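Residue strings, one per chain:
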Amino acid sequence: MSAASPSVFSRIVSGEIPAHKVYEDAHVLAFLDVGPLAPGHVLLIPKGEFATMDAVPEDVAAALGRVLPRLVRAVQSATGAPGINVLQNNGKVSGQEVMHVHFHLIPRQAGDGLGYRWNPGKYAPGEAEKLRDQLSLLLTDPA
Ligand code: AMP
């Protein structure tokens with residue numbers, strides 16, 4: 001939990017500011033994004049305030065993950081969107097503006113003009129193996 005002033009999303013959780021809530025349980029809340037990239041753009045948040053994903057406890061992450069498929073189905077069904085981007089900006093450099101972890105569910109339609117640059121690169125010789133080894137080690141021994 002943050003000792004600083006509560007995030008705008010914590011203020012939605014507490015009911016201090018309004019939102020169009022679509023789902024709520026003991027751990028998570030989902031509501032319409034106030035500035036939708038498309039109608040039906042939903043945000044899913046943990047009720048507890050964690051700035052970025054690396055700070056989220058595993059049980060809270062599990063609560064978020066548990067509801068995601070249901071939310072995706074509901075958003076697709078309500079909007080008729082044949083696809084959805086599930087997006088989580090993590091850290092200011094990635095475009096995160098509200099420092100309270102959230103997943104965007106953005107309904108997509110063919111030719112909707114949404115999207116972002118996706119320019120695949122290539123690994124230099126040995127680079128992928130080095131990263132694989134670093135990541136494997138960190139994930140085996142997270143301390
Ligand atoms: P991000 O850039 O990933 O941090 O996204 C923050 C999102 O929060 C933006 O899409 C905003 O439109 C949305 N947002 C900010 N304030 C509110 C609010 N009071 N109610 C609903 N959505 C909000």
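The structure under discussion appears in the preceding block.
Within each chain, residue numbers correspond to sequence positions counted from 1 in written order. Local features in a predicted model are, by the rule used here, given only for residues with pLDDT of at least 70; side-chain atom pairs are given and counted only at 80 or more, and totals for whole chains, interfaces and linings are based on all residues. By convention in this description, side-chain values take in all heavy atoms of the structure and omit both hydrogens and water.

1. With respect to the overall build of the chain
So, step 1. We count a stretch as a helix when DSSP gives it H or I for four or more residues in a row; a strand needs E for two or more, and each element gets its number in order from the N terminus. Of the regular secondary structure elements, the chain holds three helices and five strands.
So, step 2. The linear arrangement of helices and strands in the chain, starting from the amino end, is α-β-β-β-α-β-β-α.
So, step 3. Residue contacts are defined here by distance: any two heavy atoms, one from each residue, within 4.5 Å place the two residues in contact. Look at the contacts in the chain between residues 6 or more apart in sequence, and 52% of them connect residues 24 or more apart.
So, step 4. Computed by Shrake-Rupley with a 1.4 Å probe, the accessible areas treat only the displayed protein chains as cover when residues are assessed. Summing over all exposed atoms, the chain offers an accessible surface of approximately 9,400 Å²; the carbon and sulfur share of this is 58%.

2. With respect to the site of the ligand
So, step 1. Around the ligand lies a shell of 16 residues, among which Asp33, Gly95, Glu97, His102 and His104 are the nearest.
So, step 2. Asp33 has a polar side-chain atom sitting 2.5 Å from an oxygen atom of the ligand.
So, step 3. Two N or O atoms count as a polar contact when they lie within 3.5 Å, although within protein this holds only if one can serve as hydrogen donor and the other as acceptor, and sequence-adjacent residues are included solely when both atoms are side-chain atoms. His102 places a side-chain nitrogen or oxygen 2.8 Å from an oxygen atom of the ligand.
So, step 4. Against a free-state accessible area of 500 Å², the protein chains account for coverage of 80% of the ligand.
So, step 5. Every element with two or more residues in the shell around the ligand is listed here: helix 1 (8-13) and strand 2 (28-32).
So, step 6. Ranked by residues supplied to the shell around the ligand, first place goes to helix 1 with three residues.
So, step 7. A class-by-class count of the residues in the shell around the ligand yields eight nonpolar, six polar and two charged. By convention in this text, a residue qualifies as near a molecule or strand provided that one of its non-hydrogen atoms is within 4 Å of it. Throughout, the ten residues Ala, Val, Leu, Ile, Met, Phe, Trp, Tyr, Cys and Pro are labelled nonpolar, Asp, Glu, Lys and Arg are labelled charged, and all others, Gly among them, are labelled polar.

3. Side note on the packing of aromatic side chains
Each pair of aromatic rings is reported with the distance of its centres and the angle of its planes.
So, step 1. Aromatic pairing here means that ring centres of Phe, Tyr or Trp (its six-membered ring) are within 6.5 Å. Orientation follows from the plane angle: under 30 degrees is stacked, over 60 is edge-to-face, and everything else is tilted. If you walk through the whole model with that rule in mind, you get two aromatic pairs.
So, step 2. Taking the centre distance of 5.4 Å and the plane angle of 70 degrees together, the rings of Phe9 and Phe31 count as edge-to-face. Of this pair, Phe9 sits in helix 1 while Phe31 sits in strand 2, and the two are 22 residues apart along the sequence. No difference in accessibility class separates Phe9 from Phe31, as the two residues are buried.
So, step 3. Ring plane angle 40 degrees and centroid distance 6.0 Å describe the contact between Tyr116 and Trp118, whose orientation is recorded as tilted. Partly exposed describes any residue whose relative accessible area lies between the buried limit of under 20% and the exposed limit of over 50%, with all areas from a 1.4 Å probe on protein chains only and scaled to the type maximum.

4. Focus on the sheet that holds strand 3 (residues 42-46)
So, step 1. Between any two strands, pairing holds if DSSP finds at least two bridges. Strand order in this open sheet of five strands is 1-2-3-5-4, and the pairing throughout is antiparallel. Edge positions in the sheet fall to strand 1 (21-24) and strand 4 (83-87), since each has one partner strand and no second. Mean inter-strand twist for the sheet, computed between neighbouring axes without regard to direction, equals 20 degrees.
So, step 2. In this structure, strand 1 lies alongside strand 2, joined through three bridges in antiparallel fashion. Among the inter-strand pairings, Glu24 is bridged to a residue of strand 2, identified as Leu29.
So, step 3. Between the N-to-C directions of two axes lies an angle of 0 to 180 degrees, each axis being a line fitted to C-alpha atoms and, for a helix, fitted only over the stretch in contact. Sitting on the sheet, helix 2 (residues 58-79) touches strand 1, strand 2, strand 3, strand 4 and strand 5 (103-108), and the angle it makes with strand 3 is about 165 degrees.

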